[in-house]
Amino acid sequence: MRLPGSVRNQTTVVAAGVVSVALILAAFGLVGLLRHRLIDAERVAARVRADDVVALARTGTLPNPLSFPGEDSGATQVLDAKGKVIAATENIEDDSPLSTLRPDVGDHESVIMTGLPMEEDDRYLIVATTAVVGGKRVTVQAAASLESADDTLATLTRTLLWGVPALILLVAATTRLLVGLALRPVGAITDEVADITQADLHRRVPEPGSSDEIARLAITMNEMLARLEASSARQQRFVADASHEMRSPLASSRAVLEVAALHPGSVDNLLAAIGDSLIDHQRLETLVADLLTLARLDGSETHKRRVPTDLEALTRTVVDRRVEPDVTFACTGPAIALVDGAQIDRVLTNLLDNAARHRRSRTDVTVGRGDTTVDITVDDDGPGVPEPERNRVFEPFTRLDAARTADQGTGLGLAIVAEIVGDLDGKVRLVDSPLGGARFVVSLPSAVVGPDAGMA
């Protein structure tokens, strides 16, 4: 059940409630235990007094009236077999029996009574025992006042009646104070996050110097803000690059058409202008298609379409439909991967398009198998990629200076490859190729794991 209010109020209510239940139960238990012990102590004292009177009677020296220490807080009677008082302490001399208790010989019985002749408003514990003295049955009844025990219990009860609520209030106030101090950094984090906007992603929440959950929350929040800042920066760069890439073919096409409009010349000139414009529009169409592909990529949807796929047959099909010469294919064994076949087709096409733009004369494609992955390798004999630049090639619109003079496509092909492979829980990396150029290695999760994978 969720309590209303803030965490501070909820914690205070729960702590006060738990302490209240514990203290109330403890208070009842303490009062009950003390009552039992006090009454038991009086019972023992009255029983000892009764046994002493029995011993005195057996010696034949039973006085009347009886005289024992503590008569002000008790009384003693001796009754014959008919219930007649034959001896008693002075405070109840010639009175009727204190109670109707008549235990068997050797037994003891007790009862708590009020309205006795000594003090009618007080409570007394009466202990009775029966013995045979000189062949006659006698019963001794000893009464012990419970006034002292009742006063002690009343004092304890009064103390608990104000002490328990005071302690509960103290616990509640202390809990509220401590929780407030503990949650103060959360308030600072909340205030800071509430002020952060899209333009303020560089800001960070204050981190307390402790090593508790609040500090971990602040650290996690700052890490999230750092990721958001990096993502926002990438998005801004992407939008700027996309705008620039789209502006170039549009500007080129517009310039060609404007020149043709100003200087129509012959039909051949107009046809040439239209052809150049169509080339620019084709480039723009390809760019828009790649942008839409990159925007539509969704790891959850890709995951739903994963099925065991024969990458040897798929790769061979993609290689066979290539038009450029000297593209070789090899497979080192059965290669069944848990992937989306259509997406892998796009990955292979983009990698082969990239190799075709940068190779000198040769492209090698190899499919192999590891213990847990299936690897697709694409090698070319082009200029290669310097090691410091190898991570950048998978970013959108990245073109390296060494190859700017060539047709570089849309600049999104390798970014799409990295996005698709990541969605499939795979990895793509760029290393040196034995052919002297670049080697792209795509590692995908195998559908058959372990030494038996080669038997799939």
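Located above this text is the structure these notes cover.
Let us look at the structure shown here. (Residues numbered from 1 in each chain as written. Predicted model: local features only at pLDDT ≥ 70, side-chain atom pairs only at ≥ 80, totals over all residues. Heavy atoms only, no water.)

### Digging into the overall build of the chain
Selection criterion: Secondary structure elements follow DSSP: runs of H or I of four or more residues count as helices, runs of E of two or more count as strands, with numbering from the N terminus. Think of it in three bands: with a 1.4 Å probe and only protein chains considered, a residue is buried below 20% of the maximum accessible area for its type, exposed above 50%, and partly exposed in between. We call two residues in contact whenever any of their non-hydrogen atoms come within 4.5 Å of each other. Working definition of accessibility: Shrake-Rupley area with a 1.4 Å probe, residue cover restricted to the visible protein chains.
Check the secondary structure of the chain and you find eight helices and 12 strands. When each of the 456 residues of the chain is scored for burial, the buried share is 37%. Of all intrachain contacts in the chain linking residues separated by at least 6 positions in sequence, the fraction that spans at least 24 positions is 62%. When the accessible surface of the chain is summed, it comes to about 25800 Å², and 57% of that surface belongs to carbon and sulfur atoms.

### Quick notes on unusual backbone geometry
In this model, Asp326 sits at a positive phi of 55°, which is unusual for a non-glycine residue. Relative to the elements of secondary structure, Asp326 occurs in the loop between helix H6 (311-320) and strand E7 (327-331). The phi dihedral of Asp425 falls on the positive side, at around 60°, and the residue is not glycine. Judged by relative accessible area, which is 56%, Asp425 ranks as exposed.

### Here's the deal with the sheet that holds strand E10 (residues 373-380)
Inclusion rule: Two strands are counted as paired when DSSP detects at least two bridges linking them. Convention adopted: a line fitted to C-alpha atoms gives each axis, helices being fitted over their contacting stretch, and angles between N-to-C directions are expressed from 0 to 180 degrees.
Taken in spatial order, the five strands make up an open sheet running E7-E9-E10-E12-E11, and their pairing is mixed. One side of each edge strand has no neighbouring strand; the edge strands of this open sheet are E7 and strand E11 (427-432). Each strand axis lies, on average, 15° off the axis of its neighbour in the sheet, ignoring direction. In terms of strand pairing, E10 meets strand E12 (residues 438-445) through seven bridges, oriented antiparallel. Each bridged residue has a counterpart across the sheet, and for Val378 the counterpart in E12 is Phe440. Each of E7, strand E9 (363-369), E10 and E12 is contacted by H6, which is oriented at about 175° to E7, the strand it contacts most.

### Notes on the packing of helix H7 (residues 341-358) against helix H8 (residues 413-423)
The test is simple: To sort the angles, those under 35 degrees are grouped as roughly parallel, those over 145 as roughly antiparallel, those from 65 to 115 as roughly perpendicular, and the leftovers as oblique. Crossings are assigned a handedness: left-handed for a near helix turned anticlockwise from the far helix by less than a right angle, right-handed for a clockwise turn. Any residue outside Ala, Val, Leu, Ile, Met, Phe, Trp, Tyr, Cys, Pro, Asp, Glu, Lys and Arg is labelled polar, Gly included; the first ten of those are nonpolar and the last four are charged.
Remark: H7 packs on H8, axes separated minimally by 9 Å, with the N-to-C direction vectors making an angle of 150°. Looking at the two axes, H7 sits roughly antiparallel to H8. For H7 against H8, the interelement crossing comes out left-handed. Listed contacts from H8 to Gln343, Arg346, Val347, Asn350, Leu351 and Asn354 of H7 are Gly413, Leu414, Ile416, Val417, Ile420 and Val421. Here the residues of the contact of H7 with H8 are counted per class, giving seven nonpolar, four polar and one charged.

### Topic: the sheet that holds strand E2 (residues 85-88)
Taking strand neighbours across the sheet as the criterion, the five strands line up as E2-E1-E5-E4-E3 in an open arrangement whose pairing is antiparallel. This sheet does not close on itself; its edge strands, each paired only once, are E2 and strand E3 (108-114). Strand-to-strand twist of the sheet, defined as the mean angle between neighbouring strand axes without regard to direction, takes the value 25°. Bridge count for strand E1 (residues 74-79) against E2 is three bridges, and the pairing is antiparallel. Among the inter-strand pairings, Leu79 is bridged to a residue of E2, identified as Val85. Along the sheet, helix H1 (residues 7-58) makes contact with E1, E3, strand E4 (123-133) and strand E5 (136-145), crossing E4 at roughly 30°.

### Side note on the side chain of Thr349
Here is the rule we go by: Within 3.5 Å is the distance limit for a polar contact, defined as a pair of N or O atoms, with the added protein rule that one can donate a hydrogen and the other accept it, and that residues adjacent in sequence qualify only through two side-chain atoms.
Among the secondary structure elements, Thr349 is positioned in helix H7. The exposure class assigned to Thr349 is buried, which follows from its relative accessible area of 19%. Here Asp345 takes part through its backbone oxygen, which lies 2.8 Å from a polar atom of the side chain of Thr349. What Thr349 contacts, discounting residues up to four positions off in sequence, is Val318, Arg321 and Arg322.

### Looking at the nonpolar core
The condition is simple: Nonpolar cores were defined as sets of buried Ala, Val, Leu, Ile, Met, Phe, Trp, Tyr and Cys residues, with membership established by side-chain atoms within 4.5 Å.
Counting 37 residues, the largest nonpolar core has Leu311, Ile344, Leu351, Ile376, Val442 and Leu444 as the members making the most contacts within it. Looking at this core, the element that brings in the most residues is H7, giving six residues. When sequence neighbours within four positions are dropped, the list of residues in contact with Leu351 reads Val378, Leu414, Val417, Phe440 and Val442.

Nothing here speaks to function; it is geometry throughout.
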